[in-house]
Amino acid sequence: MSRLSGCPECCCCSGEDNHLQICRQGHGQSITMPRLSVSLSSKPNCSPVWLICMLLGLSVLHTHAKDALPVPQQVSLSANKYAQQLSISWLGGAATAFDLMILRTELNETVFYETLSVAVNQVSGRHQWNWTSVEPLECTSLSVKIRSRDGHTTSEWSNTEILQGNDLPSNEKFQMYPQDRVVPVGANTTFCCIVEEGKTFGTILSGNAVMNTTRLSRRSYATTVFNQGSSGRTGTNIICNDNPKTKLTGAVVFVGYPPLPSDFVCETRDLTSAVCQWNEGRDSHLYGKRGTLYSVNKRPQQKQREWTLDQWEGNWTLVAVNPLGQYSLTDQAEISHRVRPIAPDNVVSVVHAWNATVLWQWNYNSYSSLALVCQVELTSDGHKAERTFTGVGLRSVVLSDLYPNEDYTVKVRCGAQQNFWKWGDWSKPFSFKTITTVPDSPDVWLWINRDNTGQIMWKPLTQRQSHGPITGYEVTFWSPQEDLQHTDIFSPDASAAPINLTQLAAFSGDKVIATVFAMNKDGASQPASLLIPLRLTGVEPLAVSRAVYTDRVFPLFWQSVANATCGYVVEWYDASCTRDCPLEWIKVAAGSTNISIESDNFQPGVRYNFSVYSCSSEPAELLQRWQGYMQELVPSIPVPLSAHQQDSDIVLTWGELPMVSRRGFILGYNVYISNGSQLTLLANLSGLGTRNYVVKGFSEGSYKFTVKAYTSAGEDTGATASITLEPYSDWLILEILASLGITALFLVIVTFICYKKRKWVKKAFYPDIPEPKLPGDWSRTQGPLDVKPSPHSMVHIVEKPEWDSSKEMLVVIPEEDEDEEGQGIGDEPVDTDEPTSLRYYNQVVDERPIRPRFPDSSASSASSLDSARTDVTYTGIQTSGSSLVWPLDPQGSSEDHRPQADLSLSCGGGGGGYRPQMQNRAPSEDMGLASPEPLLEPQAASAGGYKPQSSWHFDSPVEAGEGAGLAPSLGSPTSVASTQFLLPDGEEHTEEKRQQSSSAATWFTNLLSSTKP
């Protein structure tokens, strides 16, 4: 491609494709034209085409040169480093839009790039624009270049202008910017630190906080402090350290507010000049040379907040200025409306006992015609009072109603009476003292004890009442009836005179008048008299009301009394006091029936008695009484508690608390039982009079009880008593006696019933034993008794060889049945009264071995009686009496009866009487026989009397069944001389029952025996 001359890089020709391309660099446009094919061998008729092409190219080049924008020239930079503002000016021709680029020179970083519309200055013909930098301009060098712009068309960049920073290699110092900058509160400030050449940057600190930094150049680093608060008088420090911390540098910034004065006003003091004053208003937090300066009506600036103008101008303007801005205020007024007098001068006084005259002077003669209103401040004993006076050119006032012998201090100030503006200044304080005079009459009252002694009391006079130092008191007692008097003198410190009503009775009459005088160097006071009654009625009010302390007073109310001609007297004192009490009182006018008692002597926890008396020509009469506490507290000590047992109850008793220890109205008592460290409430007893409590329903043991008295403030610490509940002996004795009585009554009733029913009892439990019928003469009383034995006695015992354990029963067979079978014993006569002969069939064979039977060791007693023959047949009974069990089943009693042997024993000779068989219990359960051979009881060796059997059985099988295994029998054989049962009731229990019932049986036998005819 070939390039056209005069259009570098704009137009090019290409002979290859016979096209022409025309470029416009400024507009970024290109025009492509058809290229003409040129050949050396072309004919001359082609040259006009080439010429046309050249002409078109030249035309395009001429148009481009005419539309090109001018490049800005003569760019200059002007820096205001305090304001961090860069002013840029240049020559830009007719162009109005420019591209402005600002870069950090060293790092070539763009700081600012914008298209600006800047008008030309018609005077200088230059364009100018101001740019404010975020960082201080000293931080690093800045490069500036400009180019013109028209839409999308721009000119070439101007030459680069550089604003040199302080980070040049030639400036090697450790630096920080900005220095001593003043900024408003809440502003953001950027600081930069330029590290010393050859050093390494460390940190930037704001207070104790490490700040984030941005690198601006090789040595320069910047940080921004946001939303700054107001600084102190020395400003806020920003510190920069190198790394390591070998050096540091810093900057100070002052953060404050622009001025904002207020209350700007001008007034006159001498009726000619003007004095303007204002308030600083909000604190600017800027001091020294950065502080606020003021100017009034464009006069030179000053720091004072008061400006004096020689003449009254009527209009004023105040301007306040500091580095952060300025503020203006205006005021206007007429002179007569702004008069504020100066302070009176040379104040003096002329004093008397009850008044004083105060005089002063004015320093301006113009005040002599000015209507003034003046205020006098009077101070005495810490109390201030203000009095107002008026007059033209006022120079003196009279102060009345002063107290004698009193120190006073006065101050005076004045103001314009017409169009009053403000009070003038106070004069200097001036002091004076009034002269003395006679004292006031003392306030007297009477206290009488129960033993007819008492005191005449008076209140010590205050300084305002004494009118001078008190030299003493004079007390005079005077009897009107006898016209007698007695006078006593007391020291200035005395406040009471003792009296004795018994001694005063010597004045005779019913009344004595006591008169008290107070004296000082000027004389005696007016007398204070009091009527003393010599005979006390002792009448007490029926009720005592309760006074409630509210709003630091005791409000009291009472009914009006007609004879209270001189009013009422209200007294109060500590209720715990009973003799010569420190009394306080106050007198109330006759028309009042209420008062609020206030005293600095009231103490918490102290009960006070209040009384109101009527005052008249007669002795004072008590109208009403109250009691009250300023503040109730818990009792200071516990109640004295004791406990004792009363019957089965516990009685707790406690005493009454002393008045001084109650410290409140006792509302009641709480009774507790102690369970270790825990108290359980048993009862709440309301009322002061209840001082005992009975605890019921507790079993024997040790108990601990606590009783606490309580007021409206709470409970006291509590009194504790322990007691051990013992068994109640009286009740125990009563219970024993009652039990014995009931038992005795039961025995008597049983005995009585048994006595009434003795025949039935005897018949049921102890039937009569038939007497034996023996031949012979029984009427003789001497000699041995010859009793013929029963002609016949036979017992057949049948043994069954094989025992059936399921049929445990002995079957009773009457002897008559046996005789029917051909086994009779003969035709011997039989006593009809003798029981029927029995035969026993044993239906059960005990599987245990047969225990041997031994005859009773106690043989029958010796007797001379003849004995008949007794035949006993034994048929192998293999069980002892202790092992026999009698079943209820009567069946099979006759089955398989196979007698094995019949033995007949004839017991005769030797003079022995009848001896029935006895079966003793085996000595041990282990004793037995190897074979079930029947044993025969041997006959006793010696003659003996009749030996009865030990027990008996029921008379019928039915009763045997009900008797749980007792052997059935038809009767009970007994001895003719014995009332004991002959057959045993179950041999297993014979010995046990015999021991248990021996004594009872003896008594019962004797009882039944006594019923025989």
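This text follows the structure it describes.
The structure presented is a predicted model; accordingly, all values stated were derived computationally and were not measured.

(A) Region of the structure containing the state of the cysteines. Under the defined criterion, the tally for this structure stands at six disulfides. Between Cys 139 and Cys 192 runs a disulfide, and the two sulfur atoms are separated by 1.9 Å. Since a negative S-S torsion denotes a left-handed disulfide, the Cys 139-Cys 192 link at about -95 degrees is left-handed. Of this pair, Cys 139 sits in the loop between β9 (127-132) and β10 (142-150) while Cys 192 sits in strand β15 (residues 189-194), and the two are 53 residues apart along the sequence. Taken individually, Cys 139 and Cys 192 each receive the classification buried, so the pair is uniform in this respect. Through a disulfide, Cys 193 is tied to Cys 240; the S-S separation comes to 1.9 Å. Given an S-S torsion of about -80 degrees, the disulfide between Cys 193 and Cys 240 has left-handed geometry. Of the two residues, Cys 193 sits in strand β15 while Cys 240 sits in strand β20 (residues 236-242), which places them 47 residues apart along the sequence. We note that Cys 193, like Cys 240, is buried. When the cysteines engaged in disulfides are numbered in sequence order, the chain pairs them as 1-2, 3-4, 5-6, 7-8, 9-12, 10-11.

(B) Here's a closer look at the sheet that holds β9. An order of β5-β6-β9 is seen for the three strands of this open sheet, with the pairing classed as antiparallel. Only two strands of the sheet have a single partner each, and these edge strands are β5 (73-80) and β9. Between one strand axis and the next, the sheet turns by 20 degrees as a mean value, whatever way the strands run. Here β5 runs beside strand β6 (residues 85-91); their pairing, made up of six bridges, is antiparallel. From the neighbouring strand, Ser 78 faces β6, where its bridge partner is Ser 87.

(C) Representation of unusual backbone geometry in the model. Residue Pro 178 is reached from Tyr 177 by a cis peptide bond, and omega for that bond is -5 degrees. Position of Pro 178 relative to the elements: it lies in the loop between β13 (175-177) and β14 (181-184). The omega torsion across Asn 243 and Pro 244 is 0 degrees, close enough to zero to call that bond cis. Within the secondary structure, Pro 244 is located in the loop between β20 and β21 (248-256). Phi angles above zero are rare outside glycine, and Leu 271 is one such case at about 70 degrees. Of note, Leu 271 is situated in the loop between β22 (262-267) and β23 (274-279). Judged by relative accessible area, which is 27%, Leu 271 ranks as partly exposed.

(D) Structural view of the nonpolar core. Ile 456, Trp 458, Phe 477, Ile 499, Leu 504 and Ile 532 are the most contacted members of the largest nonpolar core, which totals 33 residues. Of all the secondary-structure elements, those providing two or more residues to this core are β35 (444-448), β36 (453-458), β37 (470-479), β39 (496-500), α3 (501-504), β40 (511-520), β42 (528-533) and β45 (568-574). Other than its neighbours up to four places away in sequence, Ile 532 contacts Leu 446, Ile 456, Phe 477, Ile 499, Leu 501, Leu 504, Asp 510, Lys 511, Val 512 and Ala 514. Among the nonpolar cores identified, the runner-up in size contains 23 residues, and Val 347, Leu 372, Leu 402 and Phe 432 belong to it.

(E) Seen up close, the sheet that holds β35. Taken in spatial order, the three strands make up an open sheet running β35-β36-β39, and their pairing is antiparallel. Looking along the sheet, the strands with just one partner apiece sit at the ends: β35 and β39. Each strand axis lies, on average, 20 degrees off the axis of its neighbour in the sheet, ignoring direction. Bridge count between β35 and β36: five bridges; the pairing is antiparallel. Looking at β36, one finds that Trp 447 is bridged to Gln 455.

(F) Region of interest: the environment of Glu 138. Following the sequence through the fold, Glu 138 ends up in the loop between β9 and β10. For Glu 138, a relative accessible area of 11% puts it in the buried group. Distance from Glu 138 to Tyr 177, taken between C-alpha atoms, is 7.0 Å for residues 39 residues apart in sequence. Not counting the four nearest positions on each side in its chain, Glu 138 is found in contact with Lys 81, Gly 165, Asn 166, Asp 167, Tyr 177 and Ile 194.

(G) Inspection of empty space enclosed by the protein at higher detail. Inspection of the entire model under this criterion finds four cavities of 30 Å³ or more. Taken together, Arg 104, Val 111, Trp 131, Ser 133, Glu 135, Pro 136, Leu 137, Cys 139, Thr 140, Leu 142 and Leu 216 make up the full set of residues lining the second largest cavity.

(H) Broad picture of the environment of Leu 679. Summarising the element assignment, Leu 679 is placed in strand β53 (residues 678-686). Look at Leu 679 and you get partly exposed, because its relative accessible area is 35%. For the pair Leu 679 and Lys 704, spaced 25 residues apart in sequence, the C-alpha to C-alpha distance is 9.8 Å. Residues in contact with Leu 679, not counting those within four places in the same chain, are Tyr 672, Ile 673, Ser 674, Thr 706 and Lys 708.

(I) Structural view of the pairing of strand β49 (residues 621-629). As paired strands, strand β43 (residues 545-548) and β49 are joined by four bridges and run parallel to one another. By the bridge assignment for β49, Val 548 is matched with Tyr 629. What sits between strand β48 (residues 607-614) and β49 in their antiparallel hairpin is a turn of six residues.

(J) Seen up close, the pattern of salt bridges. In the structure shown here, the tally under the stated rule is 21 salt bridges. Here Arg 147 and Asp 99 are joined by a salt bridge, their closest N and O atoms 3.0 Å apart. Remark: Asp 99 occurs in strand β7 (residues 97-104) and Arg 147 occurs in strand β10; sequence separation between them is 48 residues. Residue Arg 147 is classed as buried on the basis of its relative accessible area, which comes to 16%. Residue Asp 451 is joined to Arg 579 by a salt bridge in which the shortest nitrogen-to-oxygen separation is 2.5 Å. Here Asp 451 is found in the loop between β35 and β36, whereas its partner Arg 579 is found in the loop between β45 and β46 (584-588), with 128 residues between them in sequence. Asp 451 gets classed as partly exposed once you look at its relative accessible area, which sits at 40%. Put simply, Glu 106, Glu 197, Arg 218 and Arg 219 are held in one network by salt bridges that share partners.

About the thresholds
- Counting restarts for each chain, with residues numbered from 1 along the sequence as it is written.
- Confidence filtering applies because this is a predicted model: local features only for residues at pLDDT of at least 70, side-chain atom pairs given and counted only at 80 or more, and all residues used for totals across whole chains, interfaces and linings.
- Each side-chain value is worked out from all heavy atoms of the structure, with water and hydrogens disregarded.
- Criterion for a disulfide: a pair of cysteine sulfur atoms within 2.5 Å.
- Helical segments are the DSSP runs of H or I of at least four residues, strand segments are the runs of E of at least two, and each set is numbered from the N terminus.
- Between buried and exposed lies partly exposed: a residue is buried under 20% and exposed over 50% of the maximum accessible area for its type, with that area taken using a 1.4 Å probe on protein chains only.
- At least two DSSP bridges between two strands are required for those strands to pair.
- A fitted line through C-alpha atoms serves as each axis, taken over the contacting stretch for helices, and the angle formed by two N-to-C directions is quoted from 0 to 180°.
- Remark: nonpolar core denotes a set of buried residues (Ala, Val, Leu, Ile, Met, Phe, Trp, Tyr, Cys) joined through side-chain atoms within 4.5 Å.
- Here, two residues are considered to be in contact whenever any of their heavy atoms come within 4.5 Å of each other.
- Cavity and pocket criteria rest on a 1 Å grid covering protein atoms alone: a 1.4 Å probe that fits but cannot get out defines a cavity, protein on both sides within 12 Å along at least 5 of 7 lines defines an open pocket, and an atom within 4 Å of a point defines a lining residue.
- Grid points are joined across faces, edges and corners, and a volume is the space filled by probe spheres set on the points.
- Salt bridge, as used here: a side-chain nitrogen of Lys or Arg that lies within 4 Å of a carboxyl oxygen of Asp or Glu.

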